[in-house]
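Examining the three-dimensional arrangement
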Amino acid sequence: MKITKICCIGAGYVGGPTMAIIAQKCPQIQVTVVDLNAERIADWNDEDVNNIPIYEPGLSQVVAEARGRNLFFSTEVDKAIDEAQIIFISVNTPTKTYGKGKGMAADLKYIELCARQIAKIAKDNKIVVEKSTLPVRTAEAIKSILDNTGNGVQFQILSNPEFLAEGTAVEDLLHPDRILIGGDETAEGQKAIQALVDVYSNWVAPEKILTTNVWSSELSKLTANAFLAQRISSINALSELCEKTGANINEVAKAIGMDSRIGPKFLKASVGFGGSCFQKDILNLVYIAKSYGLNEVADYWEQVIIMNDHQKKRFSNGIVQTLYNTVADKKIAFLGWAFKKDTNDTRESAAIYVANDLIGEQAKIAVYDPKVSHKKVLADLDYLETRSSKKNEEGVQSFENPYEACKDVHAIAILTEWDEFAQYDWQKIYNGMQKPAFVFDGRNILNASELKKIGFIYQGIGA
Ligand code: UDX
Ligand code: ADP
């Protein structure tokens, strides 16, 4: 099958960057990204390429190169589905907030709507690719919807999970550790797999392209995220023990990371992991395990989330305790709101939960994040439904300038590991603060001894 047109449903953090790279690397293929959200599409089409809705280092250059040539962003979902031979589904799959599996299972309503729309529109054979992270056996549900259209169109369903991490999306897409494609073992299934392999072969070496059955592919994605998150919860669990015993978590992480069987990555103790994937995928894994009666398996993985929640709580409790057991009417600056550096994404960011706790203690929060707007900060707090919007507005302010945010505050908390934070003039910040001046470094990125020399009372994680 010769692929000339690709459509991607969902212009979010996965669909946008992934399609931009496919378009850049495959100029012979027309790539159209569609979304129901007209504002988001308008932003992707903004004349000034720096205004695209997702901040990722290097992404605007890729979009500038391919947009209008063979990369298009549109709200005309039906047209794009009709024309494409391959349709990627990259819509959001949040944790269910209602009904059976509430708070645990993935909400597949957006996926199902896509499948139904494809079924309605398609007039010729299509390859449908699951790009969003999905529970195992979702492909089966998509297939069942598509196969029952009765219009004689043949669909092949592939699972092609995305492993990119935000903040390094472009790099990860250009140089992936592996591309995973799961499909049917039938001849037709194998042909569909090959068609997608051919797309990736435009820039990925053949030995990095792995093909499996659909279920292995779906489960591998959940497993990869569960393992990564588990490493963070493991190191965070030990950070608490370090604080009690006089060991230093950075030293422990370094010492164990030099064991080649363990490896050095994902051992950075922190205020807790965030992001749209880890928690959602583990909850999903837990839900699936429980649904098969595998309670021990479910409990084992659930502990990763319990530990992460504990770490966030421990951070906010630590601030309150250290500030003489009350933060009422005290001003606390937050450096960072995004869930990690180099992204404007705030989904499940630890900052939201820590701020929520501190506002509950009547503190006033002053936020500075180089890429996150005040509107987003407020929306994140409102989403928790802990108190009214008005109360959230009273509890949190945002600043365009870090020195302004830190002026007159009692304490500074580092919530995101943005590189620039370590470069600030900390003496100047100290001079402008209430005394004693506290720093709670939730990312262990500041130079502790220098800060202490200036006069700060410094508390990091795990030391
Ligand atoms: C993750 C997976 O890495 C990626 O493969 C998958 O496709 C999507 O989920 P992402 O959530 O974008 O990617 O970022 P990641 O770099 O994994 O960080 C997740 C969270 O863990 C962040 O809050 C980060 O700050 C935190 N983290 C990461 C730590 O606290 N310590 C570490 O050592 C690493
Ligand atoms: P992700 O991180 O998985 O990319 P996002 O929430 O950033 O998730 O993006 C998902 C996008 O999918 C959103 O912009 C949303 O508007 C879009 N979307 C959801 N359902 C549909 C649909 N049926 N048709 C088109 N777009 C959809």
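All residue numbers refer to positions counted from 1 along the written sequence of the respective chain. The order in which chains are written sets their letters, starting at A; the order in which ligands are written sets their numbers, starting at 1. Local features in this predicted model are restricted to residues of pLDDT 70 or higher, and side-chain atom pairs are both shown and tallied only at a pLDDT of 80 or more, whereas totals for entire chains, interfaces and linings draw on every residue. Derived side-chain values reflect all non-hydrogen atoms in the structure, with water molecules and hydrogen atoms excluded from consideration.

Turning our eyes to something else, we now look at the site of ligand 2. Put simply, a residue is near a molecule or strand once any heavy atom of it comes within 4 Å of that molecule or strand. Around ligand 2 lies a shell of 15 residues, among which Tyr13, Val14, Asp35, Arg40 and Arg347 are the nearest. Polar contact is the term for a pair of N or O atoms within 3.5 Å; when the atoms are in protein, one must be able to donate a hydrogen and the other to accept it, and sequence-neighboring residues count only if both atoms are side-chain atoms. Within the backbone of Tyr13, a nitrogen or oxygen atom sits 3.1 Å from an oxygen atom of ligand 2. Here the accessible surface of atoms and residues is derived via Shrake-Rupley with a 1.4 Å probe, and residues count as covered only by protein chains that are part of the display. Bound to the protein, ligand 2 loses 88% of the 580 Å² it would expose on its own. For the shell around ligand 2, a count of residues per class yields seven nonpolar, five polar and three charged. Only Asp, Glu, Lys and Arg are considered charged in this grouping, and only Ala, Val, Leu, Ile, Met, Phe, Trp, Tyr, Cys and Pro are considered nonpolar; every other residue, Gly among them, is considered polar.

All right, on to unusual backbone geometry then. Residues Lys435 and Pro436 are joined by a peptide bond in cis, for which omega reads -5 degrees. A positive phi is found at Tyr324, a non-glycine position, where the angle reads about 60 degrees. Each helix is a run of DSSP H or I of at least 4 residues and each strand a run of E of at least 2, with the numbering of both proceeding from the N terminus. Considering the arrangement of structural elements, one finds Tyr324 in the loop between α12 (295-322) and β9 (331-335). Exposure classes here rest on a 1.4 Å probe applied to the protein chains alone. A residue is buried below 20% of its type maximum, exposed above 50%, and partly exposed in between. With a relative accessible area of 55%, Tyr324 lands in the exposed category. Its identity as a non-glycine residue notwithstanding, Asp408 has a phi of 65 degrees, on the positive side. Inspection of the secondary structure assignment puts Asp408 in the loop between α16 (402-405) and β12 (411-414).

Here the focus is the site of ligand 1. Around ligand 1 sit 20 residues in total, of which Phe163, Glu166, Ser270, Lys340 and Arg443 are the nearest. In this structure, Glu166 approaches ligand 1 through a main-chain N or O atom, which is 2.7 Å from an oxygen atom. Lys268 has a polar backbone atom sitting 2.8 Å from an oxygen atom of ligand 1. Ranked by the residues each element gives to the shell around ligand 1, the list is headed by helix α9 (residues 214-245), at four residues. Across the shell around ligand 1, the residue classes tally to eleven nonpolar, three polar and six charged.

A few words now on the pairing of β12. Judged by which residues are buried, β12 turns out to be covered on both faces: Ala411 and Ala413 on one side and Ile412 and Ile414 on the other are all buried. In this analysis, strands are considered paired if DSSP registers two or more bridges between them. In this structure, β12 lies alongside strand β13 (residues 438-441), joined through four bridges in parallel fashion. Paired with Ile414 across the two strands is Asp441, which belongs to β13.

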